[in-house]
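Here are the chains, one letter per residue:
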Amino acid sequence: MTKRYVSLPDEAEAGMREFIDEVDRRLSGAEDTCTVVEDVLIDLSGDREAYERWQNGESVSPAERVRLQSYDPCNTTLESEYYAEKDEEKFRRSKHLQWLWRQFDSLPIADNVEFALRFRGMLANHLFEECGENCRFFKGISFTYGHNITIGDNTIVHDDVHLDDRGKLTIGDRVSVSDGVHVYSHDHDVVDQTEVRNYHTIVEDDVRLTYDSMVRAGNKVGENAIVGARGVVQHDIPAHHIAVGMPAKSAKIKPGWEEIATPIEEAGVNRQEERHLEYDLPEDFEVFDEFQRDLQPSK
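Residues numbered from 1 in each chain as written. Predicted model: local features only at pLDDT ≥ 70, side-chain atom pairs only at ≥ 80, totals over all residues. Heavy atoms only, no water.

- The chain has the name Acetyltransferase in an unreviewed UniProt entry, where Natronococcus pandeyae is given as its organism.
- The Sequence similarities (unreviewed entry) field of the UniProt record for the chain holds the comment "Belongs to the transferase hexapeptide repeat family." (UniProt positions renumbered as here; feature names shortened; annotations may be inferred.)

Shown next as structure tokens:
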């Protein structure tokens, strides 16, 4: 797609670079991540004066206190915090960075596209297991942890995308993930919802996942393939195929790739179990069943 080159005024560019470089430097150093995240959110929110009043023991309302406390990610919880099999050591840091990403997106400044893309790109280098060069992340993207995500070079993730890395998620180079896409790496047992199975989900180079499509856990979308709008991937999509529908099925091969692509009639193979990720819980772990359902059929 042909696009225009857009730049900020020199003074705004300099200020943006200075701020992002400073946050990057602090996150790369030995400083406590909680402290860095707290400082960044307080200052971006314009709440430094109220925060200092609170720290100096002056009176603040209950609402102000909750707001000011919540700048520190150590005073917050995320849904993924309750997942039994998470890597506690990795989660300690990724939680703080994910909190910064989410709270940044809630601020008006997140609508400044040039600034926000660069800020999220910098955060991705600290949050993800690996993030390539020249990636662009738009507003409203959510993760499970963040630290189980690998993304290649020149990939773009648009608004309101969910990247579930409860298992493991690998996205290649030059991938386009459109608005509203969900990519999953975990699934639940159909009888016992508390039984979670984690998988490695793969989206290969040059793939396009178009609007509101979904890739279910453990599947692979092959190189240069397209998943049509609202398509639901429930098995592997071969390279160079165009898949559409619920469930998504190969409808055609991209023009020019017919001789090297898997024939349409051989598509539709589910290899989910090949990408199943086992995990162990401590023997003394106390299982918590939030549903308390009777799993036996009544007679």
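1. With respect to the overall build of the chain
Part 1 of the argument: Check the secondary structure of the chain and you find six helices and 19 strands.
Part 2 of the argument: When the backbone C-alpha atoms are referred to their principal axes, the chain occupies close to 70 × 65 × 30 Å.
Part 3 of the argument: Counting every position in the chain, which comprises 299 residues, the buried fraction comes to 44%.
Part 4 of the argument: The long-range fraction of contacts in the chain, counting pairs at least 24 apart against all pairs at least 6 apart in sequence, stands at 38%.
Part 5 of the argument: Accessible surface, the chain as shown: approximately 16700 Å² in total, 47% of it carbon and sulfur.
Part 6 of the argument: Treating the 34 positive side-chain charges of the chain as one cloud and the 61 negative ones as another, the clouds have centres 4 Å apart. (Helix = DSSP H or I, 4+ residues; strand = E, 2+ residues; numbered from the N terminus. Buried < 20%, exposed > 50% of the residue type's maximum accessible area, 1.4 Å probe, protein only. Contact = heavy atoms within 4.5 Å. Areas by Shrake-Rupley, 256 points an atom, 1.4 Å probe, with all protein chains shown as cover. Lys, Arg positive; Asp, Glu negative; His and termini not counted. Charge placed at Lys NZ, Arg CZ, Asp CG, Glu CD.)

2. Notes on the pattern of salt bridges
Pairs can form between side chains of opposite charge once their charged atoms are near each other.
Part 1 of the argument: This structure, assessed with the given rule, holds 24 salt bridges.
Part 2 of the argument: In this structure, the salt-bridge partner of glutamate 13 is arginine 118, at a minimum N-O distance of 2.8 Å. Taken together, the positions of glutamate 13 in helix α1 (residues 10–28) and arginine 118 in helix α6 (residues 113–127) put the pair 105 residues apart, joining distant regions of the chain.
Part 3 of the argument: You can call glutamate 13 buried: its relative accessible area is 16%.
Part 4 of the argument: Ionic pairing is found between arginine 48 and glutamate 52, a salt bridge with its closest N-O pair at 3.5 Å. (Salt bridge = Lys/Arg side-chain N within 4 Å of Asp/Glu carboxyl O.)

3. Regarding the sheet that holds strand β2 (residues 136–137)
Part 1 of the argument: Overall, mixed pairing links the seven strands, which are arranged β2-β5-β8-β12-β15-β17-β18 in an open sheet. At either margin of the open sheet sits one strand with a lone partner, and together these are β2 and β18 (249–253).
Part 2 of the argument: Bridging between strand β12 (residues 208–209) and strand β15 (residues 226–227) involves two bridges; their strand directions are parallel. Directly across from leucine 209, in β15, lies its bridge partner valine 227. (Pairing = 2+ DSSP bridges.)

4. Section: the side chain of histidine 200
Part 1 of the argument: Residue position: histidine 200 is located in strand β11 (residues 196–203).
Part 2 of the argument: By relative accessible area, histidine 200 is classed as buried at 19%.
Part 3 of the argument: There is a polar contact of 2.8 Å between the side chain of histidine 200 and the side chain of threonine 170.
Part 4 of the argument: Ignoring anything within four residues of it in the chain, the contact list for histidine 200 reads Lys168, Leu169, Thr170, Gly218, Arg275 and Leu277. (Polar contact = N/O pair within 3.5 Å; in protein donor to acceptor, adjacent residues only side chain to side chain.)

5. A closer look at helix α5 (residues 88–105)
Part 1 of the argument: The terminal C-alpha atoms of α5 lie 25 Å apart, and with 18 residues this matches the ideal 26 Å at 1.5 Å per residue to within 8%.
Part 2 of the argument: A maximum bend of about 30° is found in α5 at serine 94.
Part 3 of the argument: If you check which residues of α5 are buried, you get Phe91, Ser94, Lys95, His96, Leu97, Gln98, Trp99, Leu100, Trp101, Phe104 and Asp105.
Part 4 of the argument: For α5, the secondary structure elements touched by its buried residues are α1, α2 (33–45), α6, β2 and β3 (142–143).
Part 5 of the argument: Capping the start of α5, aspartate 87 holds a side-chain oxygen 3.1 Å from the backbone nitrogen of glutamate 89, two or three residues further along. (Expected span 1.5 Å × (residues − 1). Bend = angle between axes of the 7 residues up to and from the residue.)

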